[in-house]
Amino acid sequence: MAQATEPLLKRTPLHAMHVRLGARMVAFAGYDMPVQYPAGIIKEHLHTRTAAGLFDVSHMGQIIVRARSGRLEDAARALEALVPADVLGLAEGRQRYALFTNPAGGILDDLMVAHLGDHLRLVVNAACKDTDEAHLRARLAEECTIDPLRDHALVALQGPSAEAVLAAFAPEIRSMRFMDIRTLHLLGEACVVSRSGYTGEDGFEISIKADRAAIFCDTLLQNANVMPAGLGARDSLRLEAGLCLYGSDLDPATTPVEAALEWSIGKARRTGGARSGGFPGAEIILGQIDRGAPRRRVGLKPEGRAPVRGGAALFGRADGAVPIGAVTSGGFGVSLGAPIAMGYVPAAQATPGSRLFAELRGRRQALQVCPLPFVPLRYKRA
Amino acid sequence: MLKFTPDHEWVRLDGDVATVGITNFAQDKLGDLVFVELPSVGTKLEKGAAAAIVESVKAASDVYAPVSGEVIEVNAKVGNEPALVNSAPTGEGWLFKLKIADATELAALLDEAAYNATIA
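Residues numbered from 1 in each chain as written. Chains lettered and ligands numbered in written order. Predicted model: local features only at pLDDT ≥ 70, side-chain atom pairs only at ≥ 80, totals over all residues. Heavy atoms only, no water.

Trainee: What's the story with the overall build of chain A in this structure? I'm lost.
Mentor: The helix and strand tally for chain A stands at 8 helices and 19 strands. Here the C-alpha atoms of chain A give a radius of gyration of 21 Å, agreeing with the 21 Å that 2.2 N^0.38 yields for 382 residues. Looking at chain A residue by residue over its 382 residues, the buried ones come to 59%. Looking at chain A alone, contacts between residues at least 24 apart form 64% of all its contacts between residues at least 6 apart. Counting only carbon and sulfur atoms, one obtains 54% of the accessible surface of chain A, whose full area is about 15000 Å². Each charge class in chain A can be summarised by its mean position, and for the 44 positive and 39 negative side chains these summaries are 5 Å apart. (Helix = DSSP H or I, 4+ residues; strand = E, 2+ residues; numbered from the N terminus. Rg over C-alpha atoms; globule rule 2.2 N^0.38 Å. Buried < 20%, exposed > 50% of the residue type's maximum accessible area, 1.4 Å probe, protein only. Contact = heavy atoms within 4.5 Å. Areas by Shrake-Rupley, 256 points an atom, 1.4 Å probe, with all protein chains shown as cover. Lys, Arg positive; Asp, Glu negative; His and termini not counted. Charge placed at Lys NZ, Arg CZ, Asp CG, Glu CD.)

Trainee: Would you explain the interface of chain B and chain A in this entry?
Mentor: By a widespread convention, an interface's size corresponds to the accessible area lost as its parts come together. On the side of chain A, 21 residues touch chain B, which itself brings 20 residues to the contact. At the boundary of chain B with chain A, total buried surface from both sides reaches about 1500 Å², with 48% on carbon and sulfur atoms. Considering only the surface of chain B that becomes buried against chain A, V34, V57 and K58 of chain B emerge as the three largest contributors, covering 36% of it. Here chain B is connected to chain A by 5 salt bridges. Across the salt bridge formed by E37 of chain B and R361 of chain A, the nearest N and O atoms sit 3.6 Å from each other. At the boundary of chain B and chain A, one finds 11 residue pairs in polar contact (both at pLDDT 80 or more). (Buried area = accessible area lost by both parts, 1.4 Å probe. Salt bridge = Lys/Arg side-chain N within 4 Å of Asp/Glu carboxyl O. Polar contact = N/O pair within 3.5 Å; in protein donor to acceptor, adjacent residues only side chain to side chain.)

Trainee: Which parts of the structure should I look at to understand the sheet that holds strand β1 (residues 2-4) of chain B?
Mentor: Pairing between the strands of a sheet is mediated by backbone hydrogen bonds and can be parallel or antiparallel. Residue and element names in this part refer to chain B. Spatially, β1-β2-β3-β9-β8-β5 is the arrangement adopted by the 6 strands of the open sheet, whose pairing is antiparallel. What marks the edges here is a single partner per strand, and that holds for β1 and β5 (44-45). With 6 bridges joining them, strand β2 (residues 9-14) and strand β3 (residues 17-22) adopt antiparallel strand pairing. From the neighbouring strand, R12 faces β3, where its bridge partner is T19. (Pairing = 2+ DSSP bridges.)

Trainee: Quick question: what am I supposed to make of unusual backbone geometry here?
Mentor: Trans is the prevailing form of peptide bonds, just as negative phi is the prevailing case for residues other than glycine. A cis amide bond links L372 of chain A to the next residue, P373 of chain A, at an omega of -5°. Of note, P373 of chain A is situated in the segment after β19 (363-370). The residue M179 of chain A is not glycine, and still its phi comes out positive at about 75°. As for its position among the elements, M179 of chain A is in the loop between α5 (162-167) and β10 (181-186). Judged by relative accessible area, which is 11%, M179 of chain A ranks as buried. With phi around 75°, H8 of chain B is a residue other than glycine that occupies positive phi space. With respect to the secondary-structure elements, H8 of chain B resides in the loop between β1 and β2. Given the relative accessible area of 23%, H8 of chain B is considered partly exposed.

Written out as structure tokens, the structure is:
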């Protein structure tokens, strides 16, 4: 049933649509958000893997960073002081995953950075967007203007049917590949569209003016291949895809190398690179790239059917007394029909095949370390 | 006729045997179930003790013994097919049967009208 949650929660431009569709609303990062629609999480998850799921992610922060000089490279260079990603190397019309780091090498947030010609566009987590904005202003205000897009919705259309659905409105999206980003006209409205997402599927994320978002989504939902999907399916899909949730799998005490996200640190920013270091915690993070981190994020498959949830302590032996790590995300892999989890373990136990034990309701549940992702990623890379 | 607890269990009485499951309201609130852990036959449960676990995609919830008794049968079918609890919570989705230890505890169970009032 749809029921009112806390009165002070913020609403996205699609709130009325969620209520009309019969969504169950929950508080998430200060917003009243749909956790599921009447179809339920399992159907929403599977439909996204086989056709297309439509997600409202308007709670996320969209921030425009523009160099006061007018030169994009000045904004890119400035941002490189806060993230280890290679921002200067980002081509126009491309997007890249990045991390805000702290002086201890920990992760303050994970984000997307896109090069849109005369400005950079960041997409940050809802729960972090105010602190991210303050962080950007505190560090970049002299060189850049920082403008949150408060009047735009962000919707994600994810799944193998997403391309065909959107191509009916803008045929040119067929030529986009994974992490391309373009301004396109959808229903006569200029939208920023990226070929990206948080499900492991091919798909698109569309930034659209708030007052056009509902009519756009209504139009998409008229296509039988498109099903609305809530935060519940979003979480089960991203876990199967081995993608991190900030606040669960990533936090200020976890480094990019511990999180197995060093792939997001370009060669130019690494030891010996053209612009080596120069971001918060560089010495620690680059040292870990070169010499390894003491612990690593790994995939975990519980033996049997019982899900092991985030927060469960991990032990090296069934009778171990001292935890060696912890599960940070865990649940049920809907497409796999089996429980799955991610967590942090000492480097020595991070090899696939290692057998570990999780504390589960007073007993020890065996699980195997396994490679991530749990399902093949189906991004359109070529 | 079913009896209920405020914790959203239902009870069907047949002589001194109580069949127990979760209510339609509970299954709807939990959403799609993916895992059910049932007690072992022979387990002696006190009224209010955690007897079974039902887990949705998102979270785990305890199912409590509505009355004291010994577990005499469990529904192995829901262990293999937890979705039965969603599709038929008071039918094929039953969880376990108790041999009632103390019939006076039955008086504390709610009738349907009283239960419906708790969820209204």
